[in-house]
Amino acid sequence: MSMLTPPGMGGKYRITGDKYPRMRRTGGHRRLVLAIIASAAAMALIGWGTLQLIQVFTGGDKASAAAGTTQDCDHRATKAGTAAEPGTTPKPDHPRPHLRSLPKPAQITVNVFNATPRGGLAKKTADELKKRGFAIGEVGNATKQYDKKVKGTGILLGAEKAADTAFPVLGTQLAGTEHRTDARTGGEVDLILGTRFKELAKKEDADKALAELAKPKPTPTLSAEKNC
(Lines give C-alpha, C1' and ligand atoms only; values in the text may rest on other atoms or scores of the structure.)
Protein backbone atom coordinates (compact mmCIF):
# COMPACT_ATOMS: atom_id res chain seq x y z
CA MET A 1 0.00 0.00 0.00
CA SER A 2 1.26 3.41 -0.87
CA MET A 3 1.90 5.96 1.76
CA LEU A 4 -0.63 8.23 -0.02
CA THR A 5 -3.45 5.75 0.44
CA PRO A 6 -5.65 6.85 3.34
CA PRO A 7 -5.92 4.39 6.18
CA GLY A 8 -8.77 1.93 5.81
CA MET A 9 -9.02 2.39 2.01
CA GLY A 10 -7.71 -0.07 -0.46
CA GLY A 11 -8.69 -1.80 -3.60
CA LYS A 12 -9.59 0.61 -6.32
CA TYR A 13 -8.98 3.62 -4.05
CA ARG A 14 -5.38 2.65 -3.47
CA ILE A 15 -2.80 4.93 -4.96
CA THR A 16 0.17 3.13 -6.33
CA GLY A 17 3.32 4.15 -8.17
CA ASP A 18 5.34 7.31 -7.98
CA LYS A 19 3.34 9.48 -10.49
CA TYR A 20 0.73 11.86 -9.17
CA PRO A 21 -2.07 13.68 -11.03
CA ARG A 22 -1.37 17.37 -11.68
CA MET A 23 -3.92 20.24 -11.93
CA ARG A 24 -3.51 22.34 -15.13
CA ARG A 25 -4.78 25.88 -15.65
CA THR A 26 -7.20 26.08 -18.58
CA GLY A 27 -7.38 29.28 -20.79
CA GLY A 28 -5.16 31.45 -18.60
CA HIS A 29 -2.57 32.12 -21.29
CA ARG A 30 -5.22 33.01 -23.87
CA ARG A 31 -6.92 35.49 -21.56
CA LEU A 32 -3.59 37.19 -20.94
CA VAL A 33 -2.92 37.64 -24.67
CA LEU A 34 -6.40 39.04 -25.27
CA ALA A 35 -6.00 41.46 -22.38
CA ILE A 36 -2.72 42.77 -23.85
CA ILE A 37 -4.25 43.26 -27.31
CA ALA A 38 -7.27 45.08 -25.87
CA SER A 39 -5.03 47.41 -23.86
CA ALA A 40 -2.93 48.28 -26.93
CA ALA A 41 -6.07 49.04 -28.99
CA ALA A 42 -7.45 51.27 -26.23
CA MET A 43 -4.19 53.23 -26.02
CA ALA A 44 -4.15 53.73 -29.81
CA LEU A 45 -7.76 54.95 -29.78
CA ILE A 46 -7.05 57.40 -26.96
CA GLY A 47 -4.00 58.76 -28.82
CA TRP A 48 -5.96 59.25 -32.05
CA GLY A 49 -8.75 61.08 -30.20
CA THR A 50 -6.24 63.36 -28.49
CA LEU A 51 -4.65 64.25 -31.84
CA GLN A 52 -8.04 65.15 -33.33
CA LEU A 53 -8.82 67.45 -30.39
CA ILE A 54 -5.46 69.20 -30.79
CA GLN A 55 -6.12 69.85 -34.48
CA VAL A 56 -9.58 71.23 -33.76
CA PHE A 57 -8.39 73.70 -31.12
CA THR A 58 -5.22 74.75 -32.98
CA GLY A 59 -6.86 75.25 -36.37
CA GLY A 60 -5.10 72.40 -38.14
CA ASP A 61 -7.67 72.36 -40.95
CA LYS A 62 -7.14 76.06 -41.70
CA ALA A 63 -3.39 75.59 -41.79
CA SER A 64 -3.76 72.66 -44.19
CA ALA A 65 -6.06 74.68 -46.45
CA ALA A 66 -3.65 77.62 -46.47
CA ALA A 67 -0.77 75.32 -47.32
CA GLY A 68 -2.79 73.80 -50.15
CA THR A 69 -3.57 77.25 -51.56
CA THR A 70 0.08 78.27 -51.44
CA GLN A 71 1.13 75.07 -53.18
CA ASP A 72 -1.51 75.61 -55.87
CA CYS A 73 -0.31 79.18 -56.51
CA ASP A 74 3.31 78.01 -56.62
CA HIS A 75 2.33 75.29 -59.10
CA ARG A 76 0.58 77.80 -61.36
CA ALA A 77 3.54 80.16 -61.14
CA THR A 78 5.97 77.37 -62.05
CA LYS A 79 3.74 76.27 -64.93
CA ALA A 80 3.70 79.83 -66.25
CA GLY A 81 7.49 79.93 -66.16
CA THR A 82 7.90 81.98 -62.99
CA ALA A 83 9.78 80.64 -59.96
CA ALA A 84 7.93 81.49 -56.77
CA GLU A 85 9.30 81.33 -53.27
CA PRO A 86 7.10 79.33 -50.84
CA GLY A 87 4.51 81.53 -49.15
CA THR A 88 4.94 84.45 -51.58
CA THR A 89 2.60 85.75 -54.28
CA PRO A 90 3.87 84.72 -57.71
CA LYS A 91 4.37 87.44 -60.30
CA PRO A 92 3.11 87.04 -63.87
CA ASP A 93 5.67 86.30 -66.56
CA HIS A 94 4.44 89.29 -68.56
CA PRO A 95 3.67 92.89 -67.56
CA ARG A 96 0.08 93.72 -66.76
CA PRO A 97 -1.69 95.22 -69.78
CA HIS A 98 -2.50 98.91 -69.58
CA LEU A 99 -6.17 99.76 -69.43
CA ARG A 100 -7.38 101.03 -72.77
CA SER A 101 -7.60 104.79 -73.08
CA LEU A 102 -10.98 105.72 -74.54
CA PRO A 103 -11.21 108.95 -76.52
CA LYS A 104 -13.34 111.82 -75.33
CA PRO A 105 -16.37 112.83 -77.43
CA ALA A 106 -14.52 115.92 -78.67
CA GLN A 107 -11.82 113.65 -80.11
CA ILE A 108 -14.31 111.73 -82.24
CA THR A 109 -15.44 113.11 -85.60
CA VAL A 110 -18.87 111.75 -86.59
CA ASN A 111 -20.29 111.74 -90.12
CA VAL A 112 -24.09 111.47 -89.87
CA PHE A 113 -25.95 109.92 -92.81
CA ASN A 114 -29.69 109.36 -93.15
CA ALA A 115 -30.72 106.00 -94.67
CA THR A 116 -34.44 106.50 -93.93
CA PRO A 117 -37.23 108.15 -95.96
CA ARG A 118 -37.62 110.84 -93.24
CA GLY A 119 -36.16 114.17 -94.24
CA GLY A 120 -33.90 116.27 -91.99
CA LEU A 121 -33.11 113.36 -89.63
CA ALA A 122 -29.35 113.50 -90.20
CA LYS A 123 -29.07 117.24 -89.45
CA LYS A 124 -31.24 117.01 -86.33
CA THR A 125 -29.14 114.13 -84.99
CA ALA A 126 -25.86 115.83 -85.86
CA ASP A 127 -26.89 119.00 -84.04
CA GLU A 128 -27.72 117.04 -80.90
CA LEU A 129 -24.41 115.14 -81.02
CA LYS A 130 -22.59 118.46 -81.35
CA LYS A 131 -24.30 119.72 -78.19
CA ARG A 132 -23.03 116.62 -76.40
CA GLY A 133 -19.44 117.39 -77.31
CA PHE A 134 -18.83 115.32 -80.46
CA ALA A 135 -17.09 116.80 -83.50
CA ILE A 136 -19.31 116.70 -86.58
CA GLY A 137 -18.04 116.00 -90.10
CA GLU A 138 -20.26 115.32 -93.12
CA VAL A 139 -24.04 115.41 -92.79
CA GLY A 140 -26.45 114.19 -95.46
CA ASN A 141 -28.19 111.21 -97.04
CA ALA A 142 -26.64 107.74 -97.04
CA THR A 143 -25.05 106.34 -100.18
CA LYS A 144 -26.91 103.97 -102.46
CA GLN A 145 -25.20 101.04 -100.72
CA TYR A 146 -27.07 101.82 -97.47
CA ASP A 147 -30.02 104.06 -98.49
CA LYS A 148 -33.25 102.49 -97.19
CA LYS A 149 -31.39 99.23 -96.56
CA VAL A 150 -30.59 99.66 -92.85
CA LYS A 151 -33.42 97.95 -91.01
CA GLY A 152 -32.16 98.43 -87.47
CA THR A 153 -31.37 101.49 -85.37
CA GLY A 154 -28.24 102.30 -87.31
CA ILE A 155 -24.71 101.32 -88.29
CA LEU A 156 -21.41 102.57 -86.90
CA LEU A 157 -18.82 102.33 -89.64
CA GLY A 158 -15.12 103.11 -89.20
CA ALA A 159 -11.55 101.83 -89.23
CA GLU A 160 -10.66 98.62 -87.45
CA LYS A 161 -9.06 100.53 -84.57
CA ALA A 162 -12.38 102.28 -83.92
CA ALA A 163 -13.96 99.03 -82.72
CA ASP A 164 -12.33 99.40 -79.27
CA THR A 165 -12.17 103.18 -79.09
CA ALA A 166 -14.70 105.38 -80.90
CA PHE A 167 -17.48 102.79 -81.31
CA PRO A 168 -18.05 102.20 -77.56
CA VAL A 169 -18.08 105.95 -76.85
CA LEU A 170 -20.48 106.85 -79.67
CA GLY A 171 -22.56 103.77 -78.85
CA THR A 172 -23.52 105.29 -75.49
CA GLN A 173 -25.61 107.85 -77.38
CA LEU A 174 -27.92 105.30 -79.03
CA ALA A 175 -28.52 101.63 -78.39
CA GLY A 176 -28.82 98.73 -80.81
CA THR A 177 -26.39 99.88 -83.48
CA GLU A 178 -24.47 97.46 -85.68
CA HIS A 179 -20.69 97.85 -85.77
CA ARG A 180 -18.78 97.48 -89.03
CA THR A 181 -15.22 98.24 -90.11
CA ASP A 182 -13.72 99.08 -93.48
CA ALA A 183 -10.32 99.84 -94.99
CA ARG A 184 -10.22 103.53 -94.06
CA THR A 185 -7.21 104.82 -92.16
CA GLY A 186 -8.70 108.00 -90.71
CA GLY A 187 -10.27 108.27 -87.28
CA GLU A 188 -13.71 109.57 -88.33
CA VAL A 189 -16.77 107.39 -87.76
CA ASP A 190 -19.92 107.16 -89.90
CA LEU A 191 -23.28 107.03 -88.14
CA ILE A 192 -25.80 105.67 -90.66
CA LEU A 193 -29.33 106.04 -89.27
CA GLY A 194 -31.67 103.10 -89.89
CA THR A 195 -35.43 102.78 -90.19
CA ARG A 196 -35.87 101.89 -86.48
CA PHE A 197 -34.05 105.00 -85.29
CA LYS A 198 -36.26 107.49 -83.48
CA GLU A 199 -33.95 109.69 -81.45
CA LEU A 200 -30.74 109.64 -79.44
CA ALA A 201 -30.73 108.33 -75.89
CA LYS A 202 -31.56 110.85 -73.18
CA LYS A 203 -28.52 112.89 -72.30
CA GLU A 204 -28.52 111.86 -68.62
CA ASP A 205 -28.69 108.18 -69.60
CA ALA A 206 -25.91 108.63 -72.17
CA ASP A 207 -23.71 110.45 -69.65
CA LYS A 208 -24.25 107.66 -67.12
CA ALA A 209 -23.35 104.99 -69.68
CA LEU A 210 -20.25 106.97 -70.67
CA ALA A 211 -19.15 107.21 -67.02
CA GLU A 212 -19.60 103.45 -66.54
CA LEU A 213 -17.59 102.82 -69.69
CA ALA A 214 -14.67 104.85 -68.34
CA LYS A 215 -14.41 102.79 -65.14
CA PRO A 216 -11.49 100.32 -65.26
CA LYS A 217 -12.41 96.64 -65.01
CA PRO A 218 -9.88 94.00 -63.88
CA THR A 219 -9.12 91.19 -66.30
CA PRO A 220 -9.73 87.53 -65.26
CA THR A 221 -5.94 86.96 -65.08
CA LEU A 222 -5.50 89.73 -62.51
CA SER A 223 -8.42 88.37 -60.46
CA ALA A 224 -6.84 84.93 -60.34
CA GLU A 225 -3.56 86.43 -59.08
CA LYS A 226 -5.42 88.29 -56.34
CA ASN A 227 -6.92 85.02 -55.08
CA CYS A 228 -3.42 83.66 -54.61
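Residues numbered from 1 in each chain as written. Predicted model: local features only at pLDDT ≥ 70, side-chain atom pairs only at ≥ 80, totals over all residues. Heavy atoms only, no water.

Within an unreviewed UniProt entry, the label attached to the chain reads LytR C-terminal domain-containing protein, and the organism entered is Streptomyces huasconensis.

A few words now on the overall build of the chain. Regarding its fold elements, the chain presents 6 helices and 5 strands. For the chain, the proportion of its 228 residues judged to be buried stands at 24%. Just so you have it, the chain exposes about 17,000 Å², and 58% of that area is on carbon and sulfur atoms. (Helix = DSSP H or I, 4+ residues; strand = E, 2+ residues; numbered from the N terminus. Buried < 20%, exposed > 50% of the residue type's maximum accessible area, 1.4 Å probe, protein only. Areas by Shrake-Rupley, 256 points an atom, 1.4 Å probe, with all protein chains shown as cover.)

Ordered in space as E2-E1-E5-E3-E4, the 5 strands form an open sheet in which the pairing is mixed. Edge positions in the open sheet fall to strand E2 (135-141) and strand E4 (178-181), since each of these has one partner strand only. Each strand of the sheet is rotated relative to its neighbour by a mean of 20°, with strand direction disregarded. Relative to strand E5 (residues 189-193), strand E3 (residues 154-158) runs antiparallel, the two being bridged by 4 bridges. Note on E5: the bridge partner recorded for Gly154 is Leu193. (Pairing = 2+ DSSP bridges. Axes fitted to C-alpha atoms, helices over the stretch in contact; angles between N-to-C directions.)

Okay, unusual backbone geometry next. Positive phi, close to 60°, is recorded for Lys148, a residue that is not glycine. Secondary-structure assignment places Lys148 in the loop between E2 and E3.

A separate point is the pattern of salt bridges. According to the stated counting rule, one finds 9 salt bridges in the structure shown. Glu178 is paired through a salt bridge with Arg180; the nearest N and O atoms lie 2.8 Å apart. Residue Glu178 is classed as partly exposed on the basis of its relative accessible area of 39%. Across the pair Lys215 and Glu212 runs a salt bridge whose closest N-O atoms are separated by 3.4 Å. According to the relative accessible area criterion, Glu212 is partly exposed, its value standing at 41%. Taken together, the shared-partner salt bridges connect Asp182, Arg184, Glu188 and Asp190 into one network. (Salt bridge = Lys/Arg side-chain N within 4 Å of Asp/Glu carboxyl O.)

A word on the environment of Asn114. With respect to the helices, strands and loops of the structure, Asn114 is situated in strand E1 (residues 109-114). A relative accessible area of 2% means that Asn114 is categorised as buried. Apart from the residues lying within four places of it in its own chain, the contact partners of Asn114 are Gly119, Leu121, Ala122, Gly140, Asn141, Ala142, Asp147 and Leu193. Polar contacts involving the side chain of Asn114 include one to the side chain of Thr116, which spans 2.7 Å. (Contact = heavy atoms within 4.5 Å. Polar contact = N/O pair within 3.5 Å; in protein donor to acceptor, adjacent residues only side chain to side chain.)

Counting 20 residues, the largest nonpolar core has Val110 and Leu129 as its most contacted members. Looking at this core, the elements with two or more residues in it are E1, helix H3 (121-131), helix H4 (166-171) and E5. Aside from chain neighbours lying at most four places away, what touches Val110 is Leu129, Phe134, Ala135, Ile136, Gly137, Glu138, Leu170, Val189 and Leu191. Grouped together as the second largest cluster of nonpolar side chains are 8 residues, Phe113, Ala115, Tyr146 and Val150 included. (Core = buried A, V, L, I, M, F, W, Y, C linked by side-chain atoms within 4.5 Å.)

Quick look at the side chain of Asp190 now. In this structure, Asp190 sits in strand E5. Classification of Asp190 as buried rests on a relative accessible area of 10%. Non-local contacts of Asp190, meaning those with residues more than four positions away in its chain, are made with Asn111, Phe113, Ile155, Leu156, Leu157 and Arg184.

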